[in-house]
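Residue-level listing of the chains:
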Amino acid sequence: MDEITRTVKYEADTDPHFAEEIAGIARGETLRACIQCGNCSGACPVSPYMDYTPRRIIAMTRAGFKREALSSTTIWLCASCYNCTVECPKQIRITDVMYALKQKAIKERLYPKRFPVAVLAREFSAAVRQFGRNSELWLIIYLYLKTNPFAMLKQSILGLRLFLQGRMGLKRERIPMGTGKKGDLQTIWNALDRADR
Amino acid sequence: MNHLYYPGCSLKSTGRAYEESLLAVCATLGVGLTELQDWNCCGATSYMAIDEVKAFALAARNLALAEEQGKVGPGTPTVDLVAPCAACYLVLAKAQHCLEENKEVGGKITAALAAAQLQYTGRVVMRHPLDLFTNALGLDAIKAQVTKPLTGLKVACYYGCQIVRPYATFDDQYHPMTMDHLVTALGGTPVDWPLKTRCCGGSLTGTVQEVGLRMSYHLLKEARKRGADVLLTACPLCQFNLECYQDPMKALFPDHEPLPVLYFTQLMGLALGLERARLGLQRLFVPFRQPVGV
Ligand code: SF4
Ligand code: SF4
Ligand code: SF4
Ligand code: SF4
């Protein structure tokens with residue numbers, strides 16, 4: 001016989017502080033103000049692909065369904081278009097809630113590991129942290145290596161065309177880092193890292 | 001008029017034609033743009049998914065550099081920073097809001113900037129080129145320089161999602177019109193279409209391709225249905241998604257018909273009589289062949 005699992009959550013399974021924590025990062029209105037009208041889901045151009053619509057994510061976050069919200073594909077499919085935010089009658093900053101959930105999912109290592117959006121966010125940030133600028137070509141190469149190396153071949157035609165049209169450089173873009181001089185980005189990173197600790 | 005200019009990463013690579021056409025048009029109209037020296041990537045939508053304070057620090061460093069290079073001081077209360085990429089524009093404007101309204105984040109960033117002998121005092125005015133042309137320069141000044149009016153050209157003006165929401169004040173969040181007015185001033189005919197602020201898919205086109213392709217496909221299809229000969233964008237990623245993926249789009253949606261997608265500055269340049277090569281028109285995947293000003 002297949003294993004029997006409980007499909008309804010008890011209050012004890014939820015995280016009572018989750019809602020406040022997320023709303024604290026996102027700021028703006030508290031999630032308690034949400035009237036579950038669904039305007040956000042209707043306005044969202046990506047909702048047909050999401051495992052939970054934005055309205056449900058707000059409800060789940062508010063009720064403390066931490067694991068479910070953090071491991072959803074919804075937060076990574078969110079394109080940050082702010083349509084939900086401008087349409088919400090209660091001024092909830094839904095896009096910022098999505099950002100807060102992404103930050104939390106990365107911190108708690110709950111994001112879907114090979115899901116390209118999360119990988120992109122991490123690779124992009126790592127490059128900007130190291131070089132101060134982003135080089136599109138390198139970003140794409142890392143993205144495919146870490147998610148789907150076989151798909152790279154298909155993309156290489158696009159890459160080649162971009163290169164031929166002068167729209168893709170091979171050079172790594174960067175600014176001087178670690179000079180210790182006025183305005184040095186590395187000095188700013190170090191100061192923020194120290195403050196984090 | 002002199003302004004500082006924040007190109008962002010894309011305008012140096014996939015969006016090169018945007019930079020080329022913007023600089024050519026500004027030179028013709030007598031608008032001075034000086035590139036911000038030593039600028040860093042604004043962090044786009046990706047850094048914000050990792051770490052909020054560091055994402056805002058990236059933006060704040062650029063704002064601080066702008067204050068310094070723009071020499072704000074007694075005689076110069078503010079400096080204009082022009083950001084043509086919708087994502088950069090939004091991120092920088094959002095950081096300004098956050099630094100002002102959130103003392104905790106603001107305090108951390110002020111301290112980190114100070115470690116690098118920088119400071120940001122809230123005196124940068126963010127401007128998208130659409131704002132610059134329609135509000136700072138004015139349509140009459142542009143109209144006066146049109147030598148090849150876009151007579152008979154039907155244009156779908158696409159603003160994308162991020163320029164007008166939720167921090168921009170230069171145009172309406174729901175129904176922006178600055179680009180439409182600009183096209184009219186150039187002698188063209190903007191088509192009425194409802195998707196001008198609907199998201200094109202952003203970085204999803206590069207990551208979860210089917211989702212992004214469908215979003216872009218709908219935009220192009222609607223623009224065609226409304227009779228557009230060309231679609232104009234005001235963001236390097238919008239242009240890239242809508243133009244460079246039309247082949248895979250066709251494979252997925254056989255009824256797709258190619259539509260040229262230009263930067264609004266490229267069309268402006270044509271109306272101002274500039275050569276096509278100066279506007280980066282040779283870099284298009286879907287060529288724009290329609291003659292203008294005839
Ligand atoms: S639009 Fe606002 S109030 Fe309505 S369901 Fe979404 S978050 Fe809740
Ligand atoms: S910001 Fe995200 S959740 Fe909101 S409408 Fe856009 S894609 Fe959907
Ligand atoms: S948002 Fe895009 S274009 Fe803007 S600076 Fe960053 S990577 Fe570059
Ligand atoms: S429309 Fe697309 S590329 Fe343009 S700002 Fe929105 S997501 Fe970014």
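All of these numbers come straight from a predicted model, not from anything done at the bench.

Reading guide: rules and limits
Residues numbered from 1 in each chain as written. Chains lettered and ligands numbered in written order. Predicted model: local features only at pLDDT ≥ 70, side-chain atom pairs only at ≥ 80, totals over all residues. Heavy atoms only, no water. Helix = DSSP H or I, 4+ residues; strand = E, 2+ residues; numbered from the N terminus. Rg over C-alpha atoms; globule rule 2.2 N^0.38 Å. Buried < 20%, exposed > 50% of the residue type's maximum accessible area, 1.4 Å probe, protein only. Contact = heavy atoms within 4.5 Å. Lys, Arg positive; Asp, Glu negative; His and termini not counted. Charge placed at Lys NZ, Arg CZ, Asp CG, Glu CD. Domains from an automatic or database assignment. Buried area = accessible area lost by both parts, 1.4 Å probe. Salt bridge = Lys/Arg side-chain N within 4 Å of Asp/Glu carboxyl O. Polar contact = N/O pair within 3.5 Å; in protein donor to acceptor, adjacent residues only side chain to side chain. Nonpolar A, V, L, I, M, F, W, Y, C, P; charged D, E, K, R; others polar. Patch = residues over 30% accessible without salt bridge, like charges linked within 9 Å, V, L, I, M, F, W, Y side chains within 5 Å. Areas by Shrake-Rupley, 256 points an atom, 1.4 Å probe, with all protein chains shown as cover. Near = heavy atom within 4 Å. Core = buried A, V, L, I, M, F, W, Y, C linked by side-chain atoms within 4.5 Å. Pairing = 2+ DSSP bridges. Axes fitted to C-alpha atoms, helices over the stretch in contact; angles between N-to-C directions. Expected span 1.5 Å × (residues − 1). Phe/Tyr/Trp six-rings, centres within 6.5 Å; stacked < 30°, edge-to-face > 60°.

A.B. asks: Can you break down the overall build of chain B residue by residue, with the values?
C.D. replies: Within chain B, the regular secondary structure consists of 12 helices and eight strands. In summary, chain B has a C-alpha radius of gyration of 19 Å against a globular reference of 19 Å for 294 residues, a match within 12%. On the principal axes, the C-alpha backbone points of chain B span a range of 55 × 45 × 30 Å. Looking at the 294 residues of chain B, the share that counts as buried comes to 64%. Contacts in chain B between residues far apart in sequence, at least 24 positions, make up 76% of those at least 6 positions apart. Side chains of chain B give 26 positive and 26 negative charges; the mean places of these two sets differ by 4 Å.

A.B. asks: Which residues make up the environment of phenylalanine 18 of chain A, and what values do they have?
C.D. replies: Along the chain, phenylalanine 18 of chain A falls in helix α1 (residues 18-26). Along the chain, phenylalanine 18 of chain A and arginine 62 of chain A lie 44 residues apart, while their C-alpha atoms are 7.3 Å from each other.

A.B. asks: Can you tell me about the domain arrangement of chain B, naming the residues and giving the values?
C.D. replies: Residue and element names in this part refer to chain B. Examined at the domain level, chain B breaks down into domain 1 (36-127) and domain 2 (141-283). A separation of 28 Å is found between the C-alpha centroids of domain 1 and domain 2. In total, domain 1 and domain 2 occlude about 850 Å² of area from one another, counting both sides; carbon and sulfur atoms represent 69% of this. Among the residues of domain 1 in contact with domain 2, Ala86, Tyr89 and Leu90 are the three that bury the most area, contributing 54% of the side total. Counting across the interface, domain 1 meets domain 2 through zero salt bridges. Applying the counting criterion to the domain 1 and domain 2 interface returns zero residue pairs in polar contact (both at pLDDT 80 or more). Sort the elements by how many residues they give to the side of domain 1 that touches domain 2 and helix α4 (residues 86-101) lands first, with seven residues. Partitioned by chemical class, the residues of the side of domain 1 that touches domain 2 number seven nonpolar, two polar and one charged.

A.B. asks: Can you tell me about a nonpolar patch on the surface, naming the residues and giving the values?
C.D. replies: Residue and element names in this part refer to chain A. Together, Leu160, Phe163, Leu164 and Leu170 give the surface a local cluster of nonpolar side chains, amounting to about 430 Å² of exposed area. Considering the arrangement of structural elements, one finds leucine 170 in the loop between α10 (151-164) and α11 (185-196). On the basis of relative accessible area, leucine 170 is assigned to the exposed category, the value being 55%.

A.B. asks: Any details on the pattern of salt bridges? Residues and values, ideally.
C.D. replies: Once the charged atoms of two side chains with opposite charge are near each other, the side chains can pair. Counted according to the given criterion, the structure contains 29 salt bridges over all chains. The partner of arginine 283 of chain B in a salt bridge is glutamate 20 of chain B, and the shortest N-O contact between them spans 2.7 Å. Of this pair, arginine 283 of chain B sits in the segment after α12 (264-271) while glutamate 20 of chain B sits in helix α1 (residues 16-29), and the two are 263 residues apart along the sequence. Judged by its relative accessible area of 10%, arginine 283 of chain B is buried. Ionic pairing is found between glutamate 210 of chain B and arginine 214 of chain B, a salt bridge with its closest N-O pair at 3.7 Å. One end of the pair, glutamate 210 of chain B, and the other, arginine 214 of chain B, are both in helix α9 (residues 209-225), four residues apart, so they sit about a helical turn from each other. Note on glutamate 210 of chain B: relative accessible area 40%, which makes it partly exposed. Shared partners join several salt bridges into a network, and the residues in it are Asp15, Glu21, Lys66, Lys104 and Glu108 of chain A.

A.B. asks: Residue-level account of the site of ligand 4, with values.
C.D. replies: Taken together, Ala86, Tyr158, Gly160, Cys161, Gln162, Cys199, Cys200, Gly202, Cys235, Leu237 and Cys238 of chain B make up the full set of residues near ligand 4. Here the shell around ligand 4 is composed, by residue class, of eight nonpolar, three polar and no charged.

A.B. asks: Lay out the nonpolar core with the relevant residues and their values.
C.D. replies: Membership of the largest hydrophobic core comes to 132 residues, with the highest contact counts inside it found for Leu231 and Phe264 of chain B. Here phenylalanine 264 of chain B is in contact with Tyr18, His128, Pro129, Leu130, Phe133, Met179, Leu182, Leu232, Thr233 and Ala234 of chain B, once residues within four sequence places are set aside. Leu70, Ala105 and Ala118 of chain A together with Ile50 of chain B belong to the second largest nonpolar core, which has 43 residues in total.

A.B. asks: An account of the sheet that holds strand β7 (residues 230-233) of chain B is requested, with residue identities and associated values reported.
C.D. replies: Reading across the sheet, the four strands line up as β6-β5-β7-β8 (chain B) and stay open at both edges, with parallel pairing between neighbours. Across the chains shown, the open sheet's two edge strands, defined by having one partner strand only, are β6 (189-190) and β8 (261-263) of chain B.

A.B. asks: Which residues make up the site of ligand 1, and what values go with them?
C.D. replies: Lining the immediate environment of ligand 1, one finds 13 residues, of which Cys34, Cys37, Gly38, Cys40 and Cys88 of chain A sit closest. In the shell around ligand 1, the residues fall into eight nonpolar, three polar and two charged.

A.B. asks: For the sheet that holds strand β2 (residues 32-35) of chain B, give the residues involved together with the corresponding values.
C.D. replies: All names here are of chain B. Judged by pairing direction, the sheet is parallel, and its four strands sit side by side in the order β2-β1-β3-β4 without closing on themselves. Of all the strands in the sheet, just β2 and β4 (124-127) have a single pairing partner and so form its edges. Neighbour to neighbour, the strand axes of the sheet diverge by 35° on average, direction disregarded. Here strand β1 (residues 2-5) pairs with β2 via four bridges, running parallel. Residue pairing in the sheet places leucine 4 in a bridge with threonine 34 of β2. Running over the sheet, α1 touches β1 and β2 and is turned about 140° from β2.

A.B. asks: Kindly report on α11 of chain A, identifying the contributing residues and their values.
C.D. replies: Helix length check: α11 of chain A, at 12 residues, gives a terminal C-alpha distance of 17 Å against a target of 16 Å (1.5 Å per residue), a fit within 8%. What α11 of chain A keeps buried is the set Leu185, Thr187, Ile188, Trp189, Ala191, Leu192 and Asp193 of chain A. Close packing links the buried residues of α11 of chain A with α8 (116-131) of chain A together with α2 (44-47), α3 (52-69) and α5 (103-115) of chain B.

A.B. asks: I'd like a description of the packing of aromatic side chains, backed by residues and values.
C.D. replies: Residues and elements named next belong to chain B. Overall, the coordinates contain 10 aromatic pairs over all chains when judged by the stated rule. Ring centres of tyrosine 6 and tryptophan 39 lie 5.4 Å apart, and the angle between their planes is 70°; on these two criteria the pair is classed as edge-to-face. A residue pair is termed long-range when its members are at least 10 positions apart, and tyrosine 6 in the loop between β1 and α1 and tryptophan 39 in the loop between β2 and α2 qualify at 33 residues. When sorted by exposure, tyrosine 6 lands in the same class as tryptophan 39, which is buried. Through pairs of rings, three or more aromatic residues link up here, namely Tyr18, Phe133, Tyr263 and Phe264.

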